[in-house]
Amino acid sequence: MIRTVESEPHASPPVLAAYSYCEAVTGRQARNFAYGIRLLPAPQRRAMSALYAFSRRVDDIGDGALAGDVKVARLEETRALLTRIREGEVDEDDTDPVAVALTHAAGHFPIPLGGLDELIDGVLMDVRGETYETWDDLKVYCRCVAGAIGRLSLGVFGTEPGARGVDRAPEYADTLGLALQLTNILRDVREDAVGGRTYLPADDLAKFGCSAGFSGPRPPEGSDFAGLVHFEVRRARALFAEGYRLLPMLDRRSGACVAAMAGIYRRLLDRIERDPEAVLRGRVSLPVREKAYVAVRGLSGLDARHVTRRAVRRRV
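Reading guide: rules and limits
- Residues numbered from 1 in each chain as written.
- Predicted model: local features only at pLDDT ≥ 70, side-chain atom pairs only at ≥ 80, totals over all residues.
- Heavy atoms only, no water.
- Helix = DSSP H or I, 4+ residues; strand = E, 2+ residues; numbered from the N terminus.
- Buried < 20%, exposed > 50% of the residue type's maximum accessible area, 1.4 Å probe, protein only.
- Contact = heavy atoms within 4.5 Å.
- Areas by Shrake-Rupley, 256 points an atom, 1.4 Å probe, with all protein chains shown as cover.
- Expected span 1.5 Å × (residues − 1).
- Salt bridge = Lys/Arg side-chain N within 4 Å of Asp/Glu carboxyl O.
- Phe/Tyr/Trp six-rings, centres within 6.5 Å; stacked < 30°, edge-to-face > 60°.
- Lys NZ or Arg CZ within 6 Å of the ring centre and 35° of its normal.
- Axes fitted to C-alpha atoms, helices over the stretch in contact; angles between N-to-C directions.
- Parallel < 35°, antiparallel > 145°, perpendicular 65-115°, else oblique.
- Left-handed = near helix turned anticlockwise from the far one by under 90°.
- Nonpolar A, V, L, I, M, F, W, Y, C, P; charged D, E, K, R; others polar.
- pLDDT = per-residue confidence, 0-100.
- Core = buried A, V, L, I, M, F, W, Y, C linked by side-chain atoms within 4.5 Å.

## Some remarks on the overall build of the chain
- The helix and strand tally for the chain stands at 15 helices and zero strands.
- The buried share of the chain, taken over its 316 residues, is 52%.
- Restricting the contact set of the chain to residue pairs at least 6 apart, pairs at least 24 apart contribute 74%.
- With an accessible surface of roughly 14500 Å², the chain has 51% of that area assigned to carbon and sulfur atoms.

Okay, structure coming up:
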C-alpha cells in the first residue's frame, strides 16, 4: 500500500533555493507538466519539480549533440549521482541544486527512486538507437521513460486512506505514463524522424504502408497514414481509460493534478485524430486558454467523478 502524504516537510533556506531552481527549470521546459503541478500544495509541487529537473537532465543528455560514448559516460555519471541521492549523501550546501532538492524530496516522500534508474535505462536505449518491432517491444521503452515517472509521481501524491483497489495504484500510474508517452510519440513523429529516431512499432508501420518513414511533411506515397494514426490513437485511448482508474485513489488536489496533465494530452490526442497529417507539418499543441480550462476541470473533480461512475457501472 502506498503511504499517504500527511504533513508538510520542513525545508531550510538552501533547500528552498534548490527547489526554486527546479521550479524555474520546470516552468521553462515543461509547460504541460507545469500546468498540472501548479494545482498541488507547495511541498508536493516542489518535490515534483525536483523529479522533473532530474529527469530533464537525463533527457537532455540523450537528446544532445555529444558523441554516443560520451552520452553513455554522462548517463552513468548521473546514475552515480542518483546513488548518492538515494543514500542521503548530498549535503544541503552541495553546488548541484537538483541533487539537493531531490535528496530532500526523497527524504520526506516515499519516492521509489529506482524509477529514475529505469529512466536512465530508457535513454540509453535511445543512445543505442534501438527500434521496436512490436508494441510489446515499445512498451518496455515506454515503461522506462514514462511509466516509471508515473510511479515516481505516485510516491509524491500518496493515496487516500481506504481507497478501493489501492494495491493497483502503481500499475495504473504506470499505464497512464504509457498513454502520455504514446501521445508524445504521435505528436513528435516527424521531429523524431528528422533526428533519426523511429518509435512506432515496425509491424504497425508495415501494416499501414509507412515503413519508408516520415522524412517530409507528407505521408509516404501510397500509405494509409491516417489509418496508422487512428490505430495508435485507439491504443492510447485504451491506456488512458485504464490509467484513469488511479484518480479516485488520490486526494482532491493530487487527482486534479493528474487529471489536468492527462486531460491536456487527451485533448492533443483529439487534435491529432481530427487531422493526422498535422503531426507531419509541425508540432501540435493546445492554446493557453484551453490548458487553463483543462486545469479548472481537473480541480473541479469532474474527471475523477466520471471515472468513478464508470468503475461503479462496471462492478454492477
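This is not the end of the story, as more comes after the structure.
## Overview of helix 3 (residues 42-63)
- Compared with an ideal rise of 1.5 Å per residue, which puts 22 residues at 32 Å, helix 3 spans 30 Å between its outermost C-alpha atoms and is within 8% of the ideal.
- Of all the 22 residues making up helix 3, 16 are buried; the element is thus mostly covered by neighbouring parts of the structure.

## Quick notes on the pattern of salt bridges
- Following the criterion strictly, the structure yields 28 salt bridges and no others.
- Measuring nitrogen to oxygen at the nearest pair gives 3.9 Å for the salt bridge that ties glutamate 242 to arginine 168. Here arginine 168 lies in the loop between helix 7 (135-157) and helix 8 (169-187) and glutamate 242 lies in helix 11 (residues 225-243), a separation of 74 residues in the sequence.
- Residue class for arginine 168 comes out partly exposed when judged on its relative accessible area of 32%.
- For the salt bridge of aspartate 204 with arginine 235, the shortest nitrogen-to-oxygen distance reads 2.9 Å. One end of the pair, aspartate 204, is in helix 10 (residues 202-207); the other, arginine 235, is in helix 11, with 31 residues separating them in the sequence.
- Classification of aspartate 204 by relative accessible area gives buried; the value is 3%.
- A residue is classified by how much of its surface remains accessible, and arginine 235, at 18% relative accessible area, is buried.
- Counted as one network, the salt bridges with shared partners bring together Glu76, Arg79, Arg86, Asp117 and Asp121.

## Looking at the environment of serine 55
- By secondary structure assignment, the location of serine 55 is in helix 3.
- Between the C-alpha atoms of serine 55 and leucine 116, which are 61 residues apart in sequence, the distance is 7.3 Å.

## Structural notes on helix 11
- If you check helix 11, its first and last C-alpha atoms are 27 Å apart, about what 19 residues at 1.5 Å a residue would give, namely 27 Å.
- Three or more residues of helix 11 are buried, namely Phe225, Gly227, Leu228, Val229, Phe231, Glu232, Val233, Arg235, Ala236, Leu239, Phe240 and Gly243.
- The inward-facing, buried residues of helix 11 abut helix 7, helix 8, helix 10, helix 12 (252-274) and helix 13 (278-281).

## Examining the packing of aromatic side chains
- Scanning the entire structure with this criterion turns up six aromatic pairs.
- When the ring of tyrosine 132 is compared with that of tyrosine 141, the centres are 5.6 Å apart and the planes differ by 35 degrees; the resulting orientation is tilted. Across this residue pair, the class does not change: tyrosine 132 and tyrosine 141 are buried.
- One aromatic cluster is present, built from ring pairs that chain together Tyr132, Tyr141 and Tyr199.
- Cation over ring: arginine 266 sits above tyrosine 244, and NZ or CZ is 5.0 Å from the ring centre.

## Focus: the packing of helix 11 against helix 12
- With their axes 10 Å apart at the nearest point, helix 11 and helix 12 run at an angle of 160 degrees to one another. Classified by the interaxial angle, the pair formed by helix 11 and helix 12 is roughly antiparallel. For the crossing formed where helix 11 meets helix 12, the hand is left-handed. Contact with helix 11, carried on its side by Val229, His230, Val233, Ala236, Arg237 and Phe240, involves Ala262, Tyr265, Arg266, Leu269, Asp270, Ile272 and Glu273 of helix 12 and no other residues of that element.
- Residue classes in the contact of helix 11 with helix 12 are distributed as eight nonpolar, one polar and four charged.

## Observations concerning the environment of leucine 66
- Locating leucine 66 in the fold gives a position in the loop between helix 3 and helix 4 (68-86).
- Not counting residues within four places of it along the chain, the set of residues in contact with leucine 66 comprises Lys71 and Arg74.

## Considering the confidence of the model for the chain
- For the chain, per-residue confidence averages 89 on the pLDDT scale, and residues scoring 70 or more make up 90% of the total.
- Low confidence marks residues 1-7, where pLDDT is under 50. Its contacts with residues over four positions away, or in another chain, come to 19 contacts.

## Structural notes on the nonpolar core
- Judged by nonpolar contacts, the single largest core of 99 residues is most densely connected at Phe54, Leu116 and Phe240.
- It is helix 7 that provides the largest number of residues to this core, a total of 11 residues.
- Apart from the residues within four sequence positions on either side, leucine 116 is in contact with Leu51, Phe54, Ser55, Leu82, Leu102 and Leu152.

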